Every structure is written in structure tokens, then in C-alpha cells.
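One letter stands for each residue in the lines below.
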Amino acid sequence: MDLKAKEIECLAEMLAECEYLLIGLGDEWEKAGQDEVRKAYESLYNLVGQKDYFIVTTATDARIFDAPFDEKRITAPCGNINWFQCQKACTKDIWERDEIQDGRCPHCGAVLISNTIQAESYIEEGYLPQWKVYQEWLAKTLNRKLLIFELGVGFRTPTVIRWPFEKLVFFNRSAHMYRVNRKFYQIAGEIKERAVPVEGDSLEFVCNLREKIENQGLMC
Ligand SMILES: [Zn+2]
């Protein structure tokens with residue numbers, strides 16, 4: 001999976017020069033163990049540095065919020081386990097963990113459950129405000145130097161990250177994408193010029209990239 005020295009150099013340069021950095025996080029980040037994921041988020045935080053970035057994640061484990069990212073630059077459209085909704089979806093209200101005393105919906109008394117796509121009736125109001133912020137941010141990247149890291153995103157919910165990212169690269173000729181995945185790293189023909197497939201674990205990729213960039217003094 002290791003990128004060659006030349007490719008790292010090229011990637012570091014792109015990272016330094018891009019105006020916008022878009023990061024998509026998928027299944028691999030949700031499945032990873034605690035230590036591994038903590039280290040990877042730390043490395044990712046280090047890589048984004050002072051960039052104008054945005055992160056879209058399909059992980060619902062909320063572990064990304066343990067890292068010092070700006071929460072206004074994250075959208076988690078599949079929900080997150082730190083937020084709660086009425087199991088019967090009698091209301092669109094969302095509660096945070098510490099707002100719940102008895103774990104019951106104040107409106108109907110039903111049990112409160114995590115506000116994620118696993119919920120029988122998923123209340124989308126939880127993620128929509130940040131999704132809107134993301135769409136506005138995306139609009140700014142039009143025809144600008146946009147670097148995209150698609151990390152560990154499979155085909156579980158391809159309409160959230162995978163397909164829209166391909167579209168972005170297709171329409172923005174100043175965009176470049178790195179698609180890192182253990183299995184699904186393949187890139188379709190029409191965006192091949194501006195997209196690089198990397199076969200391998202995306203968390204390892206992030207940790208290795210940070211290490212290599214720092215060791216070679218290539219950090220932007
Ligand atoms: Zn209720």
C-alpha cells in the first residue's frame with residue numbers, strides 16, 4: 001500500500017498548495033480499534049493543519065468528536081451515538097447525552113435511542129444543519145484547487161461520500177482525489193487523470209503520511 005517517495009512528495013505538495021481540503025471517512029474508521037482510531041484522528045488533525053477543510057463521515061461512533069477538530073467543519077449524515085431521539089419519532093427533537101435524565105421522551109414517554117441511521121425512524125434533523133453548512137462550503141470549492149481524501153469508504157452508503165466525490169472530481173478540473181481503501185480503492189476511467197487509487201488501510205495511510213511528511217520536512 002505504501003506510496004513511493006515520489007508520490008509522497010507530490011501529495012505533500014498538493015496538500016501544501018490546495019485551497020480546500022475535503023475528507024470523507026467511511027466504514028474502516030468505524031470498525032477500527034480504539035488506539036488505532038485515536039492515533040489516526042490525531043494524525044489527520046495534524047495533516048489538516050490550518051487548511052480550509054471539511055470532513056464528511058458515515059461513522060456513527062462519534063469518536064471523531066474526541067479529536068480537536070472544529071465541529072463546525074464536520075458533518076455526520078448517518079447520525080452519531082452521542083445524540084438521542086424518541087424511539088417512536090413522535091418529535092423531531094434531538095437530545096444530547098447529558099440532557100437525558102430518565103432516558104425517556106419528554107413528549108410521549110417512549111425510550112430514547114441513538115440518533116443514527118440504525119434507528120427504526122431516523123430523525124434527520126440531527127445532522128441537517130451541518131449538512132447545509134457542508135453544501136455551502138462545497139459551493140465555494142467550485143473550480144478552485146480542491147484536494148480530496150476519500151478514506152476507507154465502501155459501498156454501504158455510496159450516495160453520501162463515494163459517488164458525490166467522484167462527481168466533484170469529474171466537474172472540477174482543479175480537483176484531485178486520493179481514494180484509499182483495503183478493498184474498494186478502484187477509480188473509474190473518466191476521472192483517472194485526477195484521482196489516485198491507493199490499496200490499503202486508510203487509517204495506516206493517514207498515520208504513515210503524517211510521519212513521512214514530518215520526517216522529510218515537507219509539512220506545509
Ligand atoms: Zn416521543
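Computed from a predicted model, the values in this text were never measured in an experiment.

### Comments concerning helix H5 (residues 162-171)
Here's step 1: For H5, the full list of buried residues reads Arg 162, Phe 165, Leu 168 and Val 169. Projected down its long axis, H5 shows its buried positions confined to an angular sector of 120 degrees, all on one face. H5 presents Lys 167 and Phe 171 as exposed residues on the side facing more than 90 degrees away from its buried surface.
Here's step 2: Summarising the contacts, the buried residues of H5 are in contact with strand S1 (20-25), strand S2 (52-57), helix H4 (128-140), strand S7 (146-151) and strand S8 (175-181).

### Focus: the coordination of the zinc ion
Here's step 1: Coordination sphere of the zinc ion, protein contribution only: Cys 86 (SG), Cys 90 (SG), Cys 105 (SG) and Cys 108 (SG), at 2.3 to 2.4 Å.
Here's step 2: Here the zinc ion is ringed by 4 donor atoms whose angles at the metal span 104 to 117 degrees, and the overall shape comes out tetrahedral.
Here's step 3: Along the chain, the residues donating to the zinc ion fall in the pattern C-x3-C-x14-C-x2-C. Within this pair, whereas Cys 90 is found in the loop between strand S4 (79-86) and strand S5 (95-96), its partner Cys 108 is found in the loop between S5 and strand S6 (112-116), the two being separated by 18 residues in sequence.

### A look at the environment of Ile 161
Here's step 1: Counting through the fold element by element, Ile 161 comes out in the loop between S7 and H5.
Here's step 2: The class of Ile 161 is buried, set by a relative accessible area of 0%.
Here's step 3: For the pair Ile 161 and Val 56, spaced 105 residues apart in the sequence, the C-alpha separation amounts to 7.3 Å.
Here's step 4: Dropping the residues within four chain positions of it, Ile 161 is found in contact with Gly 24, Leu 25, Val 56, Thr 57, Thr 58, Glu 150 and Val 153.

### Focus on a nonpolar patch on the surface
Here's step 1: A cluster of nonpolar side chains, Phe 155, Trp 163 and Phe 184, forms an exposed patch at the surface whose accessible area comes to about 310 Å².
Here's step 2: Relative to the helices and strands, Phe 155 resides in the loop between S7 and H5.

### So, the sheet that holds S7
Here's step 1: Across the sheet, 6 strands lie side by side as S3-S2-S1-S7-S8-S9; this open sheet has parallel pairing. The open sheet has two edge strands, strand S3 (74-75) and strand S9 (195-199), and neither has a second partner.
Here's step 2: When S1 meets S7, the two strands line up parallel, connected through 6 bridges. Considered in S7, the bridge of Leu 25 is made with Leu 151.
Here's step 3: Taken strand by strand, helix H3 (residues 34-48) contacts S1, S2 and S7, and its axis lies near 165 degrees from that of S1.

### What to know about the layout of surface pockets
Here's step 1: Approximately 250 Å³ is the volume attributed to the largest pocket.
Here's step 2: As for the largest pocket, its lining consists of 15 residues, and the residues nearest its centre are Gln 135, Leu 138, Pro 164, Lys 167 and Leu 168.
Here's step 3: Taken together, the elements giving at least two residues each to the lining of the largest pocket come down to H4 and H5.
Here's step 4: Broken down by element, the residue count for the lining of the largest pocket peaks at 5 residues, all from H4.
Here's step 5: Residues of the lining of the largest pocket, tallied by class, amount to 9 nonpolar, 5 polar and 1 charged.
Here's step 6: In this structure, the second largest pocket encloses a volume near 210 Å³.

### Points about the domain arrangement of the chain
Here's step 1: Domain annotation for the chain reports domain 1 (5-78 + 127-215) and domain 2 (83-116).
Here's step 2: Between the C-alpha centres of domain 1 and domain 2 the distance comes to 32 Å.

### Comments concerning the packing of aromatic side chains
Here's step 1: This structure, assessed with the given rule, holds 14 aromatic pairs.
Here's step 2: Look at Tyr 41 and Phe 69: their rings are 6.3 Å apart centre to centre, the planes differ by 80 degrees, and that puts the pair in the edge-to-face class. Of this pair, Tyr 41 sits in helix H3 while Phe 69 sits in the loop between S2 and S3; the two residues are 28 residues apart in sequence, bridging distant segments of the chain. Both residues of the pair, Tyr 41 and Phe 69, belong to the buried class.
Here's step 3: When the centroid spacing of 6.1 Å and the interplanar angle of 70 degrees are considered together, the rings of Phe 149 and Tyr 178 count as edge-to-face. A residue pair is termed long-range when its members are at least 10 positions apart, and Phe 149 in strand S7 and Tyr 178 in strand S8 qualify at 29 residues.
Here's step 4: Classification of Tyr 178 as buried rests on a relative accessible area of 4%.
Here's step 5: Cluster of aromatic residues (ring-pair linked, three or more members): Tyr 20, Phe 54, Tyr 122, Tyr 127, Trp 131, Tyr 134 and Trp 137.

The rules behind these values
- Residues numbered from 1 in each chain as written.
- Predicted model: local features only at pLDDT ≥ 70, side-chain atom pairs only at ≥ 80, totals over all residues.
- Heavy atoms only, no water.
- Buried < 20%, exposed > 50% of the residue type's maximum accessible area, 1.4 Å probe, protein only.
- Helix = DSSP H or I, 4+ residues; strand = E, 2+ residues; numbered from the N terminus.
- Arc of directions from axis to C-beta.
- Contact = heavy atoms within 4.5 Å.
- Donors = N, O, S within 2.8 Å, 3.2 Å for Na, K, Ca; no water.
- Tetrahedral: all angles 85-135°; square planar, octahedral: opposite > 155°, others 65-115°.
- Patch = residues over 30% accessible without salt bridge, like charges linked within 9 Å, V, L, I, M, F, W, Y side chains within 5 Å.
- Areas by Shrake-Rupley, 256 points an atom, 1.4 Å probe, with all protein chains shown as cover.
- Salt bridge = Lys/Arg side-chain N within 4 Å of Asp/Glu carboxyl O.
- Pairing = 2+ DSSP bridges.
- Axes fitted to C-alpha atoms, helices over the stretch in contact; angles between N-to-C directions.
- 1 Å grid on protein atoms, 1.4 Å probe; cavity = no way out; pocket = protein on both sides within 12 Å on 5 of 7 lines; lining within 4 Å.
- Points joined across faces, edges and corners; volume = space filled by probe spheres on them.
- Nonpolar A, V, L, I, M, F, W, Y, C, P; charged D, E, K, R; others polar.
- Domains from an automatic or database assignment.
- Phe/Tyr/Trp six-rings, centres within 6.5 Å; stacked < 30°, edge-to-face > 60°.

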